[in-house]
Amino acid sequence: MKQADFKHCRYEVDGQVVTITIDRPQVLNALHPAGHQEMSDAFDLYAADDSLRVAIVTGAGDRAFCVGTDLKFLAETGLANKPRTGFAGMTHRFDLWKPVIGAVNGLCLGGGMEMLGGCDLVVAAEHARFGLPETRVGLAASGGGMLQRLPREIAMKHAMRLVLTGTPIPAQEAWRIGLINEVVPADQVMARARALAEEILACAPLAVMASKQAMLQSRDVADLASVMHENYPILQQMLASNDAVEGPKAFAEKRKPDWTGT
């Protein structure tokens, strides 16, 4: 297992999967400017490394995934700057076509909820809680696009309740309204996230990225006919790839495909 050298997060590579962990458990993995920058740098590494196919993002300890901005640091310094890639280097990153799995191991509040917008799949511990408490302290959840993303991802009435009341909901309720994919016992969160990563690894790399690109780029376009004929670059790359030949060949020969990503 390879590990990059960061102070506020951990970057651990195991095969074709990288786990990026916010490592500030003493403040429930709240983030300050240096933490945001390190998370952004970590996701830059993932995006640029062709040997990596899936990222898992989580928080250190068993109490919190991330509770948002480090308010104590903000009060002491007045600093709340973030990189161009947004909260935790994720929320304003719109060109990452490799999958990201969220492993929510505890409290997921404010900016932690914003981070879910950068995740494609989310597994949560039974004790996890999800909320956007900004309205309770005179603010709005406007830092990471959650006000725009949430009504696109879950029913509007559920989104309104989360935003307007600021009241956190338990993991089972988050699953019921479609905010997350699965709820598992706390000691199984990382194992289940890794199992989902392995399911993705069984698929062709370019097919996965092309599918993610087409779904996300077409999601908010009302004219279905136009997006069905849009030229998605990775889709074209996939159709011309060796893997597009290997997949049907392996199926016909009743064997496991040997994906090369080319």
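Rules behind the numbers
- Residues numbered from 1 in each chain as written.
- Predicted model: local features only at pLDDT ≥ 70, side-chain atom pairs only at ≥ 80, totals over all residues.
- Heavy atoms only, no water.
- UniProt positions renumbered as here; feature names shortened; annotations may be inferred.
- Helix = DSSP H or I, 4+ residues; strand = E, 2+ residues; numbered from the N terminus.
- Rg over C-alpha atoms; globule rule 2.2 N^0.38 Å.
- Buried < 20%, exposed > 50% of the residue type's maximum accessible area, 1.4 Å probe, protein only.
- Contact = heavy atoms within 4.5 Å.
- Pairing = 2+ DSSP bridges.
- Axes fitted to C-alpha atoms, helices over the stretch in contact; angles between N-to-C directions.

The protein chain carries the name Enoyl-CoA hydratase-related protein in an unreviewed UniProt entry, which gives Castellaniella hirudinis as its organism. Regarding the protein chain, the relevant UniProt record gives this comment under Sequence similarities (unreviewed entry): "Belongs to the enoyl-CoA hydratase/isomerase family."

What follows covers the overall build of the protein chain. Along the protein chain, the regular secondary structure elements total 11 helices and 11 strands. Taken over the C-alpha trace, the protein chain has a radius of gyration of 19 Å; the compact-globule value for 262 residues is 18 Å, and the two agree within 12%. Considering only C-alpha atoms, the protein chain reaches an extent of 60 × 45 × 35 Å along its principal axes. Here the protein chain, with 262 residues, has 47% of them falling under the buried criterion. Sequence separation of 24 or more characterises 66% of the internal contacts of the protein chain that already satisfy a separation of 6 or more.

With that settled, consider unusual backbone geometry. Unusually for a residue other than glycine, Leu28 sits at a positive phi of about 55°. Its place among the elements puts Leu28 in the loop between strand E3 (17-22) and helix H1 (33-48). Unlike most non-glycine residues, Ala88 shows phi in positive territory, near 60°. When you line up the elements, Ala88 lands in the loop between helix H2 (71-77) and strand E6 (100-104).

Once that is clear, we can look at the sheet that holds strand E8 (residues 121-125). The pairing of strands in a sheet comes from backbone hydrogen bonds and takes either a parallel or an antiparallel form. Across the sheet, which stays open at both edges, the 7 strands sit in the order E1-E2-E3-E4-E6-E8-E11 with mixed pairing between neighbours. Sheet topology places strand E1 (2-4) and strand E11 (182-184) at the edges, where each strand pairs with a single neighbour. For this sheet, the mean angle separating the axes of adjacent strands, direction not counted, is 20°. Examined bridge by bridge, E6 and E8 share 4 bridges and lie parallel to one another. What sits directly across from Val104, in E8, is Ala124. Here H1 sits on the sheet and contacts E1, strand E2 (9-14), E3, strand E4 (54-59) and E6; the angle it forms with E2, its principal contact strand, is near 15°.

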